[in-house]
Each structure stands twice: as structure tokens, then as C-alpha cells.
Amino acid sequence: MTPIPDPDAKTFTGAMRALVGNCSVLTVGDGDDRTGLVVTSAISLSAEPPLLLACVNRSASSWPMFGRYGRFGWSSLGAQHEEVAKRFGGFGGIKGPDRYAGADWVTAVTGAQLLADAPAAFDCEVEEVIDRATHSIVIGRVRAVLTTPEQGALVYWDGGFRTMAA
């Protein structure tokens, strides 16, 4: 095949579907003013100090809440969390606090919500937000960690969710 120069958005996103991404949920807000989103763009940034980053589309309904609350939870999704991913992905029009239904959550040190049975979850304070094109890079300083071994993983590949056993 010949490389496609200057790819448009459709060509670019089509190529990105060939990459396997770990599914995670970012949670933000409190009580009735809470929401979140599913992402495949959350990764480790630094171990000392513990920092992570996630890319959040600025058109997402939850994006302004990162600035409003200054903290967020990042829960990686296990093999059993496909329904959580669908709710936080907005499937069926589910919004706001209704996205939290059907799963167990714990309140972390900063007040952020973490998925109780996540393979790994991180309680973060927003350290910096860097705007680039359609997205913001949200850098979080990790204040607490929760791990639940042997949960497998939920990944996104080729337009769909896939599970990986532990």
C-alpha cells in the first residue's frame, strides 16, 4: 500500500482503529453534578512524582468539570466492565450521574470516585491542562492507588470492545 499524505480526520481515525487501547473511565464531579467518560488515551507520565495523563475531547460534556473540581478518578476497566464502558461512553443517551449505576464505587482521598473492582485505579488532582487542537491533555498527580488483581482487561480495537482474561 501507498502511504496517504495529509490524511483527513476520517482517514486518521480509521487508522487509529488498528491500535489496541486499554479502556478506562475518568470520573469527575460530586453528587448530582458528576459525570465521566470512557477513554483509551490515559497513560503513565512519570513515576517520581507519580503523574498520569489523559486526552479529553473539549466537546465532551465532562471536559469543563476537570477545571471546576480540580480532581478526577481514573479506573482501568476489567474484562467484566463492558457495561460500565457503554454507560460512560454515552450508549443509549446515558448522561451525568446515571453513568455510575450498576457498579460499585469508592470515594478516594481527594473525593474522586474509583471503580471498586478496577484492575488499577488512580485518584488524581489536576496538575496541568494543555490544549491541543480538539483535545486537552489533562495531567494528574496521583494521590492514591487502588488495585484489584486478576480482573483481566477491557480493550478497544477495530471499533469494538474486547476482553482479555487474567
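Rules used throughout
- Residue positions are given per chain, counting from 1 as you read along its sequence in written order.
- Per-residue local features of the predicted model are confined to residues with pLDDT of at least 70, and side-chain atom pairs are confined, for both listing and counting, to 80 or more; whole-chain, interface and lining totals are unaffected and use all residues.
- The side-chain quantities take in all heavy atoms of the structure and omit both hydrogens and water.
- The aromatic pairing rule takes the rings of Phe, Tyr and Trp, using the six-membered ring of Trp, and pairs them if the centres are within 6.5 Å, calling planes under 30 degrees apart stacked, those over 60 edge-to-face and the rest tilted.
- In this text, helices come from DSSP runs of H or I with a minimum length of four residues, and strands from runs of E with a minimum of two, each type numbered from the N-terminal end.
- Think of it as a cone above the ring: NZ of Lys or CZ of Arg counts as a charge over the ring if it is within 6 Å of the ring centre and within 35 degrees of the ring normal.
- The pairing criterion for strands is at least two bridges between them, as found by DSSP.
- Throughout, a disulfide means two cysteine sulfur atoms within 2.5 Å of one another.
- For every residue, the accessible area obtained with a 1.4 Å probe (protein chains only) is divided by the maximum for its type, and the residue is called buried under 20%, exposed over 50%, and partly exposed between those limits.
- Counting of polar contacts relies on pairs of N or O atoms within 3.5 Å, with two restrictions inside protein: one atom must be capable of donating a hydrogen and the other of accepting it, and residues adjacent in sequence are counted only when both atoms are side-chain atoms.
- Residue contacts follow a heavy-atom distance rule, with two residues in contact if any of their heavy atoms lie within 4.5 Å.
- For helices, the axis comes from a line fit to the C-alpha atoms of the stretch in contact; other axes are also lines fit to C-alpha atoms, and the angle between any two N-to-C directions lies between 0 and 180 degrees.

A. Expanded view of the packing of aromatic side chains. Overall, the coordinates contain 7 aromatic pairs when judged by the stated rule. Both rings, one in Trp 74 and one in Phe 122, keep their centres 4.9 Å apart while their planes meet at 35°; by these two values the pair is tilted. Here the residue Trp 74 occupies a position in strand S6 (residues 71-76), and Phe 122 occupies one in strand S9 (residues 120-132), the gap between them amounting to 48 residues. In textbook terms, an aromatic cluster arises when at least three aromatic residues are bridged by ring pairs, as seen for Phe 88, Tyr 100 and Trp 105. Above the plane of the ring of Tyr 100 lies Arg 34, whose end atom (NZ or CZ) is 4.2 Å from the centre.

B. A look at the pairing of S9. In terms of strand pairing, S6 meets S9 through 5 bridges, oriented antiparallel. From the neighbouring strand, Gly 73 faces S9, where its bridge partner is Asp 123. Note that S9 and strand S10 (residues 135-147) share 12 bridges and pair antiparallel. Note on S10: the bridge partner recorded for Arg 132 is His 135. Remark: 2 residues form the turn of the hairpin made by S9 and S10, two consecutive strands paired antiparallel; Ala 133 in that turn has positive phi of roughly 50°.

C. The state of the cysteines, seen in detail. Applying the stated criterion to the full structure yields 0 disulfides. You can see Cys 23 has no disulfide; the closest cysteine sulfur is in Cys 55, sitting 15 Å from it. We classify Cys 23 as buried; its relative accessible area is 1%. Cysteine Cys 124 is unpaired, with the sulfur of Cys 55 as its nearest cysteine sulfur at 14 Å.

D. Highlighting the side chain of His 81. With respect to the element layout, His 81 can be found in the loop between S6 and helix H3 (82-88). Accessibility expressed as a relative area gives 3% for His 81, which makes it buried. A polar side-chain atom of His 81 sits 3.3 Å from a polar atom in the side chain of Gln 80. Side-chain polar atoms of His 81 contact the side chain of Asp 117, separated by 2.9 Å. Excluding residues within four positions of it along the chain, His 81 makes contact with Leu 115, Asp 117, Ala 118, Pro 119 and Leu 154.

E. Structural view of the sheet that holds strand S3 (residues 33-39). The 7 strands are arranged S3-S2-S6-S9-S10-S5-S4 in an open sheet whose pairing can be described as antiparallel. On the outer flanks of this sheet lie S3 and strand S4 (42-46), each paired with one strand and no other. Within this sheet the neighbouring strands show an average axis-to-axis angle of 35°, counted without direction.

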